[in-house]
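Given next are the chains, with one letter for each unit.
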Amino acid sequence: EQQRNENVSNLIKEYSSELTETDDTVVIGNPNGDITIVEFFDYNCGYCKPVALTVAALLNDEPNVRVVYKEFPILGPQSMVAARAALAAKRQGKYHEFHVAMMSSVRADQNSVAEMARDLGLDYNKLLRDMEDPAISEHLERNYRLATEIGINGTPAFVIGDRVVSGSIDERALMEIIAESRAKMKAAPKNN
């Protein structure tokens, strides 16, 4: 177990910039937060929906956290449609609103995408065109490769500090992991 944890920690360090700093990274919370949480999710994941509320509560209670969303549509073609739509909504400045709406919906599919787009005032024809952009396909392929490289095979999954946390998690547990990560950062020798 310790060897596996060390391997995961090393992989997280190796892929750190891909996890947190790509040009098309979706960030919510404090962009300059001292702790970054990377969440891999699927809009049709039954565990991801309540976790979305947990992340929202965390951001409300913890102003120094940065959350990076990584779409990981592994639960079928409708999950892919929803992930493409969310990334296309980003081009209209509505990613976060679209994300919250999709996480609140019963099922993420083409019908719910159309409904959310209308409710949020998105240009639906532009959204559909943008969903087919090869850059969005590349973004999703990168997320999939990245998850696979660091051993993530389900949703939700979080990368926090030097560890991967898989499955549903409550706010208290997230706060404990954040506190541990901050303690490790303080204890780490400073590079000058």
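## Some words on the environment of A187
Now for step 1: Inspection of the secondary structure puts A187 in helix α9 (residues 171-187).
Now for step 2: For the pair formed by A187 and I177, sequence separation is ten residues and the distance between their alpha carbons is 15 Å.

## What to know about the packing of helix α3 (residues 48-61) against α9
Now for step 1: Running from N to C, α3 and α9 cross one another at 55°; their axes reach a closest spacing of 9 Å. Viewed along their axes, α3 and α9 adopt a mutual orientation that is oblique. Between α3 and α9 lies a crossing whose hand is right-handed. Of the residues in α9, those touching α3 at T54, A57, L58 and D61 are E171, L174, M175 and I178.
Now for step 2: Counted by class, the contact of α3 with α9 contains five nonpolar, one polar and two charged residues.

## Some words on helix α8 (residues 134-149)
Now for step 1: Spanning 16 residues, α8 covers 22 Å between terminal C-alpha atoms, matching the ideal 22 Å at 1.5 Å per step.
Now for step 2: In the core, the buried residues of α8 are packed alongside α2 (16-20), β2 (35-41), β3 (65-71), α4 (77-90) and α7 (124-131).
Now for step 3: Measuring from the side-chain oxygen of the N-cap residue of α8 to the backbone nitrogen of A135 gives 2.7 Å; that N-cap residue is D133.
Now for step 4: Just beyond α8, the residue with positive phi is G151, at close to 90°.

## Side note on the pattern of salt bridges
Now for step 1: Following the criterion strictly, the structure yields ten salt bridges and no others.
Now for step 2: When the shortest N-O distance is used, the salt bridge between D130 and R91 registers 3.6 Å. Linking D130 in helix α7 with R91 in the loop between α4 and α5 (95-104), this pair joins segments that are 39 residues apart in sequence.
Now for step 3: We classify D130 as buried; its relative accessible area is 10%.
Now for step 4: The exposure class of R91 is partly exposed, given its relative accessible area of 37%.
Now for step 5: Several salt bridges converge on common partners, so that one network encompasses R91, K126, D130 and D133.

## Concerning the sheet that holds strand β4 (residues 157-160)
Now for step 1: What the five strands build is an open sheet, ordered β1-β3-β2-β4-β5; its pairing is mixed. Each edge of the sheet is formed by a strand with only one pairing partner; in this case those strands are β1 (26-29) and β5 (163-166). When the angles between neighbouring strand axes are averaged without regard to direction, this sheet yields 25°.
Now for step 2: Here four bridges tie β2 to β4, and the two strands are oriented antiparallel to one another. Its bridge partner lying in β4, V38 is registered against V159.
Now for step 3: Of the strands in this sheet, β1, β2 and β3 are in contact with α5, which crosses β3 at around 70°.
Now for step 4: The strands that α9 touches are β2, β3, β4 and β5; relative to β2, the one it contacts most, it runs at about 135°.

## A few points about the pairing of β5
Now for step 1: Relative to β5, β4 runs antiparallel, the two being bridged by four bridges. Residue pairing for β5: V159 is matched across the bridge by V164.
Now for step 2: In textbook terms, the turn of a hairpin is the stretch between consecutive antiparallel strands, and for β4 and β5 this stretch comprises two residues, one of which, G161, has a positive phi near 65°.

Thresholds applied
Residues numbered from 1 in each chain as written. Predicted model: local features only at pLDDT ≥ 70, side-chain atom pairs only at ≥ 80, totals over all residues. Heavy atoms only, no water. Helix = DSSP H or I, 4+ residues; strand = E, 2+ residues; numbered from the N terminus. Axes fitted to C-alpha atoms, helices over the stretch in contact; angles between N-to-C directions. Parallel < 35°, antiparallel > 145°, perpendicular 65-115°, else oblique. Left-handed = near helix turned anticlockwise from the far one by under 90°. Contact = heavy atoms within 4.5 Å. Nonpolar A, V, L, I, M, F, W, Y, C, P; charged D, E, K, R; others polar. Expected span 1.5 Å × (residues − 1). Polar contact = N/O pair within 3.5 Å; in protein donor to acceptor, adjacent residues only side chain to side chain. Salt bridge = Lys/Arg side-chain N within 4 Å of Asp/Glu carboxyl O. Buried < 20%, exposed > 50% of the residue type's maximum accessible area, 1.4 Å probe, protein only. Pairing = 2+ DSSP bridges.

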